[in-house]
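This is what each chain is made of:
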Amino acid sequence: MSHILILGGDGYLGWPTAMYFSSRGYQVTVVDNYFRRNSCVELDVGMLYPVPSLQERAKIWSEQTGREIKVVIADLTDPESMRSLFDGRTGYSFALDHSFTGIPDTVMHYAEQPSAPYSLINYKYANITLANNLLVTNNLLFALRDFSRETHIIHIGTMGEYGTPNIDIEEGWLDIEHKGRTDRFLFPRQASSLYHTTKIMDTDLMWFGVRMWDLKVTDLMQGPVYGIETEESVVDDRLKTIFNYDEIFGTIVNRFITQAVVGYPLTVYGQGGQTRGYLNIKDTLQCVHRSEITPAKPGELRIFNQIMETFSANELAEKTRRVGNRLGYDVRIDHLENPRKEAEEHYYNPTYQGLIDIGVEPHFLTDEVMEEMFRVVQQYQSNIRKDVIFKGITW
Ligand code: USQ
């Protein structure tokens, strides 16, 4: 039975990933320091519903399915915590029991501060973002260098690493011809937040580890994710993933639907021509699964663009209004002065074929899919706090 280690297993993507692999018979261990939920409390931002602790979720999962997800609570910026996951001390000194043995075949690295606005609240949160994201990645690389070079890293990167260049975006690499000679380089990167910049630095660290120590890395350049339910969460409401709709941790589609449900005018930033590649949370799970089945080779940094379709902020707002109106909501659209420094009208033509080629079957953001999300959000309507929807964290 293949052993999957999920770093950041309490987050929006980490927990659904854990259930997904566990339900398919993998041995799954999740590690987290509760950064996300603690930050939600510290910054007083709303979650749509409370989520049980990781240990409680693992217990509920086991009661519902008879399968076990191991939980380790640890801060992976501490190198010793990271190393204990790979150095053969297994059973993990922090784990609930010691029945899992062996080094993980695959490590999924989600253990990052994932929010652009968080990284720009002020210098303190900028430093937390830099320290967390870079130290966790570096600790992982050294742990694998020293103990487990065979372990495949699947890292969630971001499309935001590329920014919005005026040329087509390739999948990670670009062939350059210069003065009659050619070579292949990482596609140029120019992020528009400090968080996104840490992901560029992650890629550079991993590329270094691949070149120096023949590590095996798949870096998934993911766009903003939307969605709540996954196949595995429907068995019990308490297994739903953490869902944010606030300005800091909420992403645009999840925010717009929540705003529509509570009668808050949709917060389109600036002109609304900002175009990004989007994907359903169910497709994140498929993408990491297909990547796990067909791992990168030793000494390979394999990069896929993990998006399924592109939309502008205006298109998403229009779609939300259309679906909301059909469900009886009076949805209004507002154009706020853009708190971010980003292009509001730009060329955007990314390639995203690699994951399809290894077997991913995309879900698209149809009106029906959005309607399903509305129906889940409306169940929690009384929990929605209007005061956390927009505070205006400026770049
Ligand atoms: N936007 C609005 N109104 C809102 C929220 C966002 O117009 O209320 C616009 C933003 O200005 C931006 C776009 O929608 O142009 C996407 O914003 P977002 O907050 O949904 O996503 P972003 O900050 O880009 O970050 C999210 C995740 C991050 C991931 C990234 C993928 O939080 O972890 O890396 O999506 S990407 O955007 O492709 O870099």
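Our structure's up above, just so we're on the same page.
Throughout, a residue's number is its position along its own chain's written sequence, starting from 1. Restriction of local features to residues with pLDDT of at least 70 applies here, the model being predicted, together with a cutoff of 80 or more for giving and counting side-chain atom pairs; totals for whole chains, interfaces and linings are based on all residues. Only hydrogens and water are removed before side-chain values are computed, so all heavy atoms of the structure are retained for them.

A. Structural view of the overall build of the protein chain. Helix and strand labels come from DSSP, where a helix needs a run of H or I of at least four residues and a strand needs a run of E of at least two; each type is numbered from the N terminus. Looking only at helices and strands, the protein chain has 12 helices and 14 strands in total. Relative to a compact globule of 395 residues, whose C-alpha radius of gyration would be 21 Å, the protein chain shows 20 Å and is just as compact. Accessible area is worked out with a 1.4 Å probe on protein chains only. A residue is then buried under 20% of its type maximum, exposed over 50%, and partly exposed in between. Per-residue burial for the protein chain yields a buried fraction of 58% across its 395 residues. What makes two residues a contact is simply this: any of their non-hydrogen atoms within 4.5 Å. Within the protein chain, contacts between residues at least 6 apart in sequence are counted, and of these 80% link residues at least 24 apart. Each accessible area is a Shrake-Rupley estimate made with a 1.4 Å probe; only the visible protein chains count as cover when residues are assessed. Accessible surface, the protein chain: about 15,800 Å² in total, of which carbon and sulfur atoms supply 50%. A residue counts as positive if it is Lys or Arg and as negative if it is Asp or Glu; His and the chain ends are not included. The atom standing in for a charge is NZ when the residue is Lys, CZ when it is Arg, CG when it is Asp and CD when it is Glu. Of the side chains in the protein chain, 38 bear a positive and 53 a negative charge, and the two mean positions are spaced by 1 Å. Atoms considered for the radius of gyration are the C-alpha atoms alone. The globule rule reads 2.2 Å times the number of residues to the power 0.38.

B. Expanded view of the sheet that holds strand β1 (residues 3–7). Between any two strands, at least two bridges found by DSSP are needed for them to pair. Overall, parallel pairing links the seven strands, which are arranged β3-β2-β1-β4-β5-β8-β12 in an open sheet. At either end of the open sheet lies a strand with only one pairing partner, and these are β3 (69–73) and β12 (300–306). Strand-to-strand, the axes of this sheet are offset by a mean angle of 20°, without reference to chain direction. Where strand β4 (residues 106–109) meets strand β5 (residues 152–158), four bridges bridge the pair, whose relative direction is parallel. Bridge pairing in β5 links valine 107 to isoleucine 153. Its contacts with the sheet place helix α7 (residues 194–213) against β5, β8 (216–222) and β12, and it is angled at close to 150° to β5. Every axis in this analysis is a line fitted to C-alpha atoms, fitted for helices over the stretch in contact. Angles between the N-to-C directions lie between 0 and 180 degrees. Packed on one face of the sheet, helix α9 (residues 281–293) meets β1, β4, β5, β8 and β12 and runs near 145° to β5.

C. Geometry of the packing of aromatic side chains. Note on ring pairs: Phe, Tyr and Trp rings are taken, using the six-membered ring of Trp, and paired if centres are within 6.5 Å. Classes follow the plane angle, with under 30 degrees stacked, over 60 edge-to-face and the rest tilted. Tallied over the entire structure, the rule returns 13 aromatic pairs. Ring geometry for tyrosine 118 and tyrosine 125: centres 5.0 Å apart, planes at 85°, overall edge-to-face. Judged by its relative accessible area of 1%, tyrosine 118 falls in the buried class. With relative accessibility at 8%, the residue tyrosine 125 sits in the buried group. By the ring-pair criterion, three or more aromatic residues cluster together here, those being Phe35, Tyr118, Tyr125 and Phe249. Two thresholds decide whether a charge sits over a ring: the Lys NZ or Arg CZ must be within 6 Å of the ring centre and within 35 degrees of the ring normal. It is arginine 24 that lies over the ring of tyrosine 20; its NZ or CZ is 3.6 Å from the centre. The cationic tip of arginine 145 hangs over the ring face of tryptophan 213; the distance from NZ or CZ to the ring centre is 5.2 Å.

D. Examining the side chain of glutamate 344 more closely. Here glutamate 344 is to be found in the loop between β14 (333–336) and α11 (354–357). Salt bridge criterion: a side-chain nitrogen from Lys or Arg within 4 Å of a carboxyl oxygen from Asp or Glu. The side chain of glutamate 344 sits in the buried core without any salt bridge; arginine 276 is the nearest counter-charge, 9.6 Å away. Polar contacts here mean pairs of N or O atoms no more than 3.5 Å apart (in protein, one a potential hydrogen donor and the other a potential acceptor; neighbouring residues in sequence count only if both atoms are side-chain atoms). In this structure the side chain of glutamate 344 is engaged in a polar contact, spanning 2.9 Å, whose partner is the backbone nitrogen of glutamine 271. For glutamate 344, the contacting residues outside a window of four places in its chain are Gly270, Gln271, Gly272, Gly273, Gln274 and Asn338.

E. Region of the structure containing the sheet that holds strand β11 (residues 275–280). Here we have three strands laid out as an open sheet, ordered β9-β11-β13, and mixed in their pairing. The open sheet has two edge strands, β9 (225–226) and β13 (309–312), and neither has a second partner. As paired elements, β11 and β13 share four bridges and run antiparallel to each other. Looking across to β13, one finds that tyrosine 278 is bridged to glutamate 309. Relative to β13, helix α10 (residues 313–326) is tilted by about 90°, and along the sheet it contacts β11 and β13.

F. Spatial organisation of the layout of surface pockets. Computed from the structure, the second largest pocket encloses a volume of approximately 200 Å³. The distinction between a cavity and a pocket rests on a 1 Å grid over the protein atoms alone: a 1.4 Å probe fits inside a cavity but cannot get out, while a pocket stays open yet meets protein on both sides within 12 Å along at least five of seven lines, and a residue with an atom within 4 Å of a point counts as lining. Lining the second largest pocket are 13 residues, with Glu229, Asn280, Lys282, Glu372 and Met373 sitting closest to its centre. Top contributing element to the lining of the second largest pocket by residue count: helix α12 (residues 367–379), with four residues. Residue polarity follows a fixed list, in which Ala, Val, Leu, Ile, Met, Phe, Trp, Tyr, Cys and Pro are nonpolar, Asp, Glu, Lys and Arg are charged, and the others, Gly among them, are polar. Its residues assigned to classes, the lining of the second largest pocket shows five nonpolar, four polar and four charged. Grid points are joined across faces, edges and corners, and a volume is the space filled by probe spheres set on the points.

So, to be careful, I would describe these as geometric facts and stop short of saying anything about function.
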